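# Tertiary structure, described
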Amino acid sequence: ALEFDGTDKVITAVEGDKYGIGYISLGSVSGRITAAKVDGVEATIENVKNGKYVVSRPFLLVTKGTESELVKDFIAFTESAQGQKIVEEKHYIATVENPVEYKSSGMSGTIKIAGSTSVTPLMEKLQEVYAELNPNITFEMQSNGSSQGIKAAIDGSYDIGMSSRELKDEEKAQLNEYTLAMDGIAVIVNNENPNTDLSSDIITKIYTGEIIKWSEVK
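A quick note: this is a predicted structure, and the numbers were derived from the prediction, not measured.

A word on helix 4 (residues 81-89). Listing the buried residues of helix 4 in full gives A81, G83, Q84, I86 and V87. Buried positions along helix 4 lie against helix 3 (69-78), helix 5 (120-133) and strand 8 (176-189). Immediately downstream of helix 4, the backbone of H91 shows phi near 70°, a positive value.

Here it is as structure tokens:
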């Protein structure tokens, strides 16, 4: 098995290897690879919402718990009607029920954000719209993986960490967490691979090394 620290690297690896298999954010699926069905269910936003497609994960924003007023305002924007609309436009699943309209705060300053490469495309759009509403705000962002984002929030080097995985218990004890969105996880294969409907059991056996050849997939 190979490990990659970014979504595009996973896509590129599977795209270039007809025997490859990987997993990425559902929102990152493109014609470069094929998203396999899982237990006969297509990987779509609607199927994640209705519970038929069960492979999903949260997109989290985490903070040390001593947020500045500016950071609080930005998080409020992500949870607002405008913010949650962006979540859905990016093909993720909104998590805030009855979100309220956001009104410009007129604040100024810099917000430092680090973490998940999967959350980054959504975060970039949220930053863009927030900065349009608050022209005196700037962002510094590092797209360096969930664990690094969590670590940066814990040690205070960044205001907000982005994570595309659940927090571990020891991390939960040190952080505040906000669920930005839910994301379906697409199991991807090369476009030449005829195996485009995989059972949960088969996927587990592939990732635990029990199955190492496509000829063993029934």
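Attention now goes to the pattern of salt bridges. Per the stated rule, a full pass over the model turns up nine salt bridges. A salt bridge links K125 to E128; the shortest N-O distance between them is 3.4 Å. Taken as a pair, K125 and E128 lie in helix 5 at a separation of three residues, close to a single helical turn. Accessibility expressed as a relative area gives 28% for K125, which makes it partly exposed. Across the pair K151 and D155 runs a salt bridge, and its minimum N-O distance is 3.7 Å. Here D155 and K151 lie together in helix 6 (residues 146-155), a separation of four residues that amounts to about one turn.

A water-sized probe rolled over the atoms picks out the places where empty space is left. In this structure, the largest pocket occupies an estimated 1,300 Å³ of space. What lines the largest pocket is a set of 36 residues, among which L2, E3, F4, Y23 and Y207 lie closest to the centre. Mapped onto the lining of the largest pocket, the elements with two or more residues apiece are helix 1 (7-15), strand 1 (21-25), helix 6 and helix 8 (200-207). For the lining of the largest pocket, the element with the most residues is strand 1, which contributes five residues. Its residues assigned to classes, the lining of the largest pocket comprises 16 nonpolar, 14 polar and six charged.

Before going further, it helps to spend a moment on the nonpolar core. Grouped together as the largest cluster of nonpolar side chains are 25 residues, with contacts concentrated most on F74, I111, L122, Y130 and L180. Of all elements in the fold, only strand 4 (56-63), helix 3, helix 4, strand 5 (109-115), helix 5, strand 6 (137-143), strand 7 (160-163) and strand 8 reach the threshold of two or more residues within this core. If we ignore the near neighbours within four places in the chain, the residues touching L180 are F59, L61, T78, Q84, V87, T95, V119, L122 and L126.

Along its 14 residues, helix 5 runs 20 Å from first to last C-alpha, staying within 8% of the 20 Å computed at 1.5 Å per residue. Those residues of helix 5 that sit buried are T120, L122, M123, L126, Q127, V129 and Y130.

Alternating positions in strand 7 separate into two faces, I160 and M162 on one and G161 and S163 on the other, with burial throughout. Bridging between strand 4 and strand 7 involves three bridges; their strand directions are antiparallel. Pairing of L60 across the sheet is with S163, part of strand 7. Relative to strand 7, strand 5 runs parallel, the two sharing three bridges. By the bridge assignment, G115 is partnered in strand 7 with M162.

Rules used in this analysis
- Residues numbered from 1 in each chain as written.
- Predicted model: local features only at pLDDT ≥ 70, side-chain atom pairs only at ≥ 80, totals over all residues.
- Heavy atoms only, no water.
- Buried < 20%, exposed > 50% of the residue type's maximum accessible area, 1.4 Å probe, protein only.
- Helix = DSSP H or I, 4+ residues; strand = E, 2+ residues; numbered from the N terminus.
- Contact = heavy atoms within 4.5 Å.
- Salt bridge = Lys/Arg side-chain N within 4 Å of Asp/Glu carboxyl O.
- 1 Å grid on protein atoms, 1.4 Å probe; cavity = no way out; pocket = protein on both sides within 12 Å on 5 of 7 lines; lining within 4 Å.
- Points joined across faces, edges and corners; volume = space filled by probe spheres on them.
- Nonpolar A, V, L, I, M, F, W, Y, C, P; charged D, E, K, R; others polar.
- Core = buried A, V, L, I, M, F, W, Y, C linked by side-chain atoms within 4.5 Å.
- Expected span 1.5 Å × (residues − 1).
- Pairing = 2+ DSSP bridges.

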